[in-house]
Amino acid sequence: MERIRLGIIGLGYIGKIHLRHCQKLANAKLVAASDLSKKALKIANDAGVKKTYPNYEQLLGASDIDAIIIALPTHLHTQCAKQVAEAKKHIFLEKPIARNTTEAEEIISAAKKNNVKLMTGYPLRFSPAFRKPKERIDDGTLGEIEIAHATYIGSGPFMHRAEAHTPLPVPEWWFNKKLTGGGTLIDLGSHLINLLRWYFGEITNVRSHLGYRFNLDFEDSATCIAKFEHGTLAVINVGWFSQSYHLKIDLHGSVRSLSANHSPSNPISAVIQTLTKGYSKFYEGHFIELQHFVNCLIKDRPPSPSGEDGLRDLEVIEQAYGNQIRIDQP
Amino acid sequence: MSLVSFVKVTYADRNRLEQAIMDSLHLIHYRFLSRSENIAIKPNMCYYWDYSTGQTTDPKFVAALIDVLREQISPDVNISIVESDASAMQCKYAFKMLGYERLANNYNVNLINLSEDPYETAHVTAGKYSFKIMVPKTIQEADLKINVPKVKYTMEPIKITCALKNIFGCNPYPQKFRYHSKLGEAIVAINKAMNFNLHIIDGIIVSGIQPRRLGLVMASTDPVAIDNAAAEIAGLNPKTIKYLQLAKKEGLGNTAFWNEGEPLEHFKTQYPKKNLQTKLMSKAYSIAVQTGLSKKLGLE
């Protein structure tokens, strides 16, 4: 069986999760990593990655790499993904694919031009908790879904840990809307929009209400109401304002209703899961999506969610930003 | 023995808060001096947690205090709200996110990031350690320094964060974790160097094992006494909190206090105290963090 040789660019929060998962992938090996931080590169070395580079362009020159995981801040996606494509490496690119649709189109076009595969990282599609509703929708058990509620509330970049543990500094780029492309709607909203599009098809119309509890120039909460092509109406709530983590969907069909949620395991269970499987249940979707990417490369199939999926999500988000409703004024 | 007042506020609107602050000051017989010109107020800003978590001082509480100061001293008194950068918090964002930028605009008060303030160095000893403490100009020049802390647990050996610990946040040096091996002594040293005059606790929402609306306002001129009282409310034995004992030994105040106003027991019964399960979980997590196991397993 062929073995895919992976590289990873960016070892921040999500990059380190991918780094850990790469050790457990079947038919793949992580051979190189790149990050500006020496500390992060040492973590990669300690995890058995032989080649580490402070500059990702050095990594692109390596001939023994088939595909690259890009886990950089959003504003760096376009330039990096284009360079990776030009280096003829397949791309796994974290969500959101880019800051806006123009950049997303450039990335997709570069991947096509260089004949490399492009997958956008959306772990919810691979999480067993959210795959089950997809099966129930497709097999008709729920009837026709009239109304859906999707909620994703957490602390976002303002990472809180358990009581009295030292909070983590927030990387400066998160405070700059020009670098992120927006607030919680693009960050967490992209997850839910992608998941609901997978369930119900394309969104034909969307409106949003944005909240600014923290007085920043980007939203820290958003409520969207979206109409899907086959008639489902979805209410999507996302927020960075809470100390707790809450990710849930409720589907109300003409036959039955169904709920699914995703929550962190308690620390003891997480330790046991990590020791036995290599990842905790909370990150199972992240692991399976990487395995899917590797499998698609081996079998020469297009990975999904694709770059186009990431682009469609951004189109919806741009529409939502441009189609705001104000309910705090008469 | 020092006076510590306890006032209950049932619904924390601006007028009631102002009245509660006034009542808490009357109970300890506190009188403002009309000659005060420059006032520094140190709320507790911690990371980017908003006031509803019980981790940070509610800007509405500080607004009520500003009203009290302008009524009692002079409408023209110069007021500065002070805070400094920390390992994981930048004042420029905390002021905005926690509502202090809006407060400063509405109330015409200064917002001072002490990490950007000019400073003088003071040499202070506490216990067996000596420290070079940077004392910011705004603190030096204030003729009335008011501390507005919260009551909350902390995992560190110091166990509780209240008046004395909040003044640790006036240390302009952002990398505060560097003091953590001698945190108790550093807290005492900084309090000796900065010497705040008045401590008014915003205990409207407190943070125990979870936030709880306690509706408490406490006041004292003695930070050691008010911290001892706060520790008792949180179900801790103040005698086991070493830095409080050190603070007393170093002359910062009395561990004994006289309860004025509502009985302390009233608040103690309602405080969301630790139970055995939360104590064990915290201990296990703390060990995992200290040994690096949590990082290895990706739990952080």
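The rules we used
- Residues numbered from 1 in each chain as written.
- Chains lettered and ligands numbered in written order.
- Predicted model: local features only at pLDDT ≥ 70, side-chain atom pairs only at ≥ 80, totals over all residues.
- Helix = DSSP H or I, 4+ residues; strand = E, 2+ residues; numbered from the N terminus.
- Rg over C-alpha atoms; globule rule 2.2 N^0.38 Å.
- Buried ≥ 20, exposed ≤ 12 C-beta atoms within 10 Å, placed from the backbone.
- Contact = placed C-beta atoms within 7 Å.
- Expected span 1.5 Å × (residues − 1).
- Arc of directions from axis to C-beta.
- Pairing = 2+ DSSP bridges.
- Axes fitted to C-alpha atoms, helices over the stretch in contact; angles between N-to-C directions.
- Domains from an automatic or database assignment.

With that settled, consider the overall build of chain A. If you tally the helices and strands in chain A, you get 12 helices and 12 strands. Whereas a compact globule of 330 residues would reach a radius of gyration of roughly 20 Å, chain A reaches 20 Å, a difference of no more than 12%. Taken along the three principal axes of its C-alpha coordinates, chain A extends 60 × 45 × 45 Å. A total of 330 residues make up chain A; the buried ones form 48% of that total.

Residue and element names in this part refer to chain A. If you trace the backbone, I8 turns up in strand β1 (residues 4–9). Along the backbone, I8 and L311 are 303 residues apart, and their C-alpha atoms lie at a distance of 22 Å. When near neighbours in sequence (up to four residues on either side) are disregarded, I8 contacts G15, H18, L19, L30, A33, I68, I69 and A71.

Turning our eyes to something else, we now look at helix α5 (residues 101–113) of chain A. Residues and elements named next belong to chain A. Compared with an ideal rise of 1.5 Å per residue, which puts 13 residues at 18 Å, α5 spans 18 Å between its outermost C-alpha atoms and is within 8% of the ideal. For α5, the full list of buried residues reads E103, A104, I107, I108, A110 and A111. The buried residues of α5 occupy an angular sector of 160 degrees when the element is viewed end-on, so they sit on one face. For α5, the exposed residues set more than 90 degrees away from the buried face come down to T102, K112 and K113. Lining the buried residues of α5 we find α4 (77–86), β5 (90–94), β6 (118–121) and α12 (307–322).

Here we come to the sheet that holds strand β3 (residues 51–53) of chain A. All names here are of chain A. Ordered in space as β3-β2-β1-β4-β5-β6, the 6 strands form an open sheet in which the pairing is parallel. Bordering the open sheet on either side are β3 and β6, each of which pairs with just one other strand. The average undirected angle you get between the axes of adjacent strands in this sheet is 25 degrees. Relative to β6, β5 runs parallel, the two sharing 4 bridges. Paired with F92 across the bridge in β6 is M119. On the sheet, helix α11 (residues 284–299) packs against β1, β2 (28–34), β4 (67–70), β5 and β6 and is oriented at approximately 135 degrees with respect to β1.

All names here are of chain A. Sheet architecture is open: 6 strands sit in the order β8-β9-β10-β7-β11-β12, paired in mixed fashion. Each edge of the open sheet is held by one strand with a lone partner, namely β8 (203–211) and β12 (257–262). Neighbour to neighbour, the strand axes of the sheet diverge by 10 degrees on average, direction disregarded. Sheet analysis places strand β11 (residues 246–253) next to β12, joined by 6 bridges and oriented antiparallel. Across the sheet, residue H252 finds its bridge partner in β12, namely S257.

Across the junction of K95(A) and P96(A), the peptide omega takes the value -20 degrees, indicating a cis bond. Considering the arrangement of structural elements, one finds P96(A) in the loop between β5 and α5. A cis amide bond, omega 10 degrees, links S304(A) with the succeeding residue P305(A). In this model, N215(A) sits at a positive phi of 60 degrees, which is unusual for a non-glycine residue. Take N215(A): it is sitting in the loop between β8 and β9 (221–228). For N215(A), a count of 15 C-beta atoms within 10 Å translates into the label partly exposed. Its identity as a non-glycine residue notwithstanding, K159(B) has a phi of 70 degrees, on the positive side. Assignment of secondary structure puts K159(B) in the loop between β8 (152–153) and β9 (160–161).

When the parts of a complex come together, some accessible area is lost, and that lost area is often taken as the interface size. Residues and elements named next belong to chain A. One can read the domain layout of chain A as domain 1 (4–122 + 286–305) and domain 2 (125–271 + 308–322). Across the contact, 20 residues belong to domain 1 and 18 residues belong to domain 2. Of all the elements in the fold, those that place two or more residues in the side of domain 1 that touches domain 2 are α5 and α11. Counting residues per element, the side of domain 1 that touches domain 2 draws most heavily on α5, which supplies 4 residues.

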